[in-house]
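For reference, the chains in residue letters:
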Amino acid sequence: MLRALFILIALTLPFVSAASEGENKITVQWNSLPGESLNQHKIKFSELKGKVVVVDFWATWCEPCKEALPHYMEFHKKYKSKGLVILAVNEDDTVADRDAYLKKTPYPFPVFADPGRKMLETFGVAAIPTVFIFDRNMKPVTFVRGFDAKKAQAIEKAIQDLIVAK
């Protein structure tokens, strides 16, 4: 019931100013992380400047979200040394479900809870999964809503382009 309500509410939330997915008119501005990571990967918001940052909104009940996370693990592995930071923001209603999933499936990048859905609201997320990609100056470059193989390729291409663009 809560999931259905969340989906209904999320679909009615205003989205970022981009008229369509992938446009460069995204106006997301944020200045903090949603607390400490859930999986012992320590990072401060100030450490993000100078990095290419991918912010992924996901939940354990979202199958496309769970399909996407292994791709982000691969991107992390391939590009971390070149300046990529991946942040996963979990939107589960049930802490027990989230914690059980993270215990079974550890991730090599920080995973955060989103108390009160503050980051979801700040980013104007209309549905999950949604990924935002920021350049080294913390300027939002693009976002991708949903997930499939084609979108995984587009995300990786955006990461590659930003890493090369120093």
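Just so you know, the residues in each chain are numbered from 1, in the order the chain's sequence is written. In keeping with the predicted nature of the model, local features appear solely for residues at pLDDT of at least 70, side-chain atom pairs appear and are counted solely at 80 or more, and the whole-chain, interface and lining totals rest on all residues. Neither water nor hydrogens contribute to the side-chain values; these are computed over all heavy atoms in the structure.

Enquirer: It is not clear to me how the packing of aromatic side chains should be interpreted in this structure. Could you clarify?
Expert: Each aromatic ring pair is characterised by the separation of its centres together with the angle its planes make. Between the rings of Phe, Tyr and Trp (Trp by its six-membered ring), a pair exists once the centres lie within 6.5 Å; its type follows the angle of the planes, with under 30 degrees stacked, over 60 edge-to-face, and the other angles tilted. Counted by the stated rule, this structure contains 14 aromatic pairs. Relative to Tyr-107, the ring of Trp-58 lies with its centre 6.4 Å away and its plane at 65 degrees, an arrangement referred to as edge-to-face. Within this pair, whereas Trp-58 is found in strand 1 (residues 52-58), its partner Tyr-107 is found in the loop between helix 3 (95-104) and strand 3 (111-113), the two being separated by 49 residues in sequence. Judged on exposure class, the residue Trp-58 and its partner Tyr-107 are both buried. On the basis of an interplanar angle of 25 degrees and a centroid distance of 5.6 Å, the ring pair of Tyr-107 and Phe-109 is categorised as stacked. Here the two residues Tyr-107 and Phe-109 agree in accessibility, since each one is buried. Grouping aromatic residues by their ring pairs yields a cluster made of Trp-30, Phe-45, Phe-57, Phe-123, Phe-132, Phe-134 and Phe-143. Helix and strand definitions here come from DSSP, where helices need a minimum of 4 consecutive H or I residues and strands a minimum of 2 consecutive E residues; each element is numbered from the N-terminal end. For the exposure calls, accessible area comes from a 1.4 Å probe over protein chains only, and a residue counts as buried if that area is under 20% of its type's maximum, exposed if over 50%, partly exposed in between.

Enquirer: Help me understand unusual backbone geometry in this model?
Expert: What you tend to see is this: most non-glycine residues have negative phi, and most peptide bonds are trans. Following Ile-128, the chain continues into Pro-129 via a peptide bond in cis, with omega recorded as 0 degrees. Tracing the chain through its elements places Pro-129 in the loop between helix 4 (118-123) and strand 4 (130-134). Notably, Gln-40 is not glycine yet its phi reads approximately 70 degrees, a positive angle. Positionally, Gln-40 belongs in the loop between helix 1 (2-12) and strand 1.

Enquirer: Teacher, can you tell me more about the sheet that holds strand 3 here?
Expert: Two orientations exist for strands paired in a sheet by backbone hydrogen bonds: parallel and antiparallel. Spatial strand order, 3-2-1-4-5: five strands in an open sheet with mixed pairing. Pairing within the sheet leaves two strands with one partner each, and these edge strands are strand 3 and strand 5 (140-145). Neighbour-to-neighbour, the strand axes of the sheet open up by a mean angle of 20 degrees, direction not taken into account. Note on pairing: two strands pair once DSSP finds at least 2 bridges between them. For strand 1 and strand 4, the ladder comprises five bridges, and the chain directions are antiparallel. Across the sheet, the residue bridging to Phe-57 is Thr-130, located in strand 4. Contacting strand 1, strand 2 (84-90) and strand 4, helix 2 (residues 63-79) runs over the sheet at an angle of about 155 degrees to strand 2. Here, axes are lines fitted to C-alpha atoms. For helices the fit covers the stretch in contact, and angles between N-to-C directions go from 0 to 180 degrees. Any two residues whose heavy atoms approach within 4.5 Å at even a single point are treated as in contact.

Enquirer: I keep staring at the pairing of strand 1 and nothing clicks. Help me out?
Expert: For a regular strand, side chains alternate in direction, first toward one face of the sheet and then toward the other. Counting buried positions over the seven residues of strand 1 gives seven, a clear majority of the element. Neither face of strand 1 is exposed, since Val-52, Val-54, Asp-56 and Trp-58 on one face and Val-53, Val-55 and Phe-57 on the opposite face are all buried. Handedness of the crossover joining strand 1 and strand 2 through helix 2: right-handed. With strands facing away from the observer, any crossover in which the path from the first strand over the helix to the second runs clockwise is taken as right-handed.

Enquirer: What is the right way to read the nonpolar core from this model?
Expert: In a soluble, globular protein the nonpolar side chains are often hidden away together inside. By size, the foremost hydrophobic cluster in this structure holds 52 residues, and its most contacted members are Trp-30, Val-55, Phe-57, Tyr-72, Leu-87 and Phe-123. Discounting residues that sit within four places of it in the chain, Phe-57 has contacts with Cys-65, Val-89, Glu-91, Met-119, Leu-120, Phe-123, Val-125, Ile-128, Pro-129, Thr-130 and Phe-132. The criterion is simple. A nonpolar core is a set of buried Ala, Val, Leu, Ile, Met, Phe, Trp, Tyr and Cys residues joined through side-chain atoms within 4.5 Å.

Enquirer: Teacher, can you tell me more about the packing of helix 2 against helix 5 (residues 149-164) here?
Expert: Angle between the axes and distance between the axes: these two values describe a pair of packed helices. Interhelical geometry of helix 2 versus helix 5 gives an angle of 20 degrees and a closest axis separation of 11 Å. With respect to helix 5, the axis of helix 2 lies roughly parallel. Two packed elements cross with a definite hand, and for helix 2 against helix 5 that hand is right-handed. Facing helix 2, whose interface residues are His-71, Tyr-72, Phe-75, Lys-78 and Tyr-79, helix 5 presents Ala-152, Ile-155, Glu-156, Ile-159, Gln-160 and Ile-163. Of the residues that constitute the contact of helix 2 with helix 5, the class distribution is seven nonpolar, two polar and two charged. Should an angle lie under 35 degrees it is considered roughly parallel, over 145 roughly antiparallel, and from 65 to 115 roughly perpendicular; all remaining angles are considered oblique. Each helix crossing is assigned a hand: it is left-handed if the near helix lies turned anticlockwise from the far helix by less than a right angle, otherwise right-handed if that turn is clockwise. Following the grouping adopted for this structure description, the nonpolar residues are Ala, Val, Leu, Ile, Met, Phe, Trp, Tyr, Cys and Pro, the charged ones are Asp, Glu, Lys and Arg, and the polar ones are all others, Gly among them.

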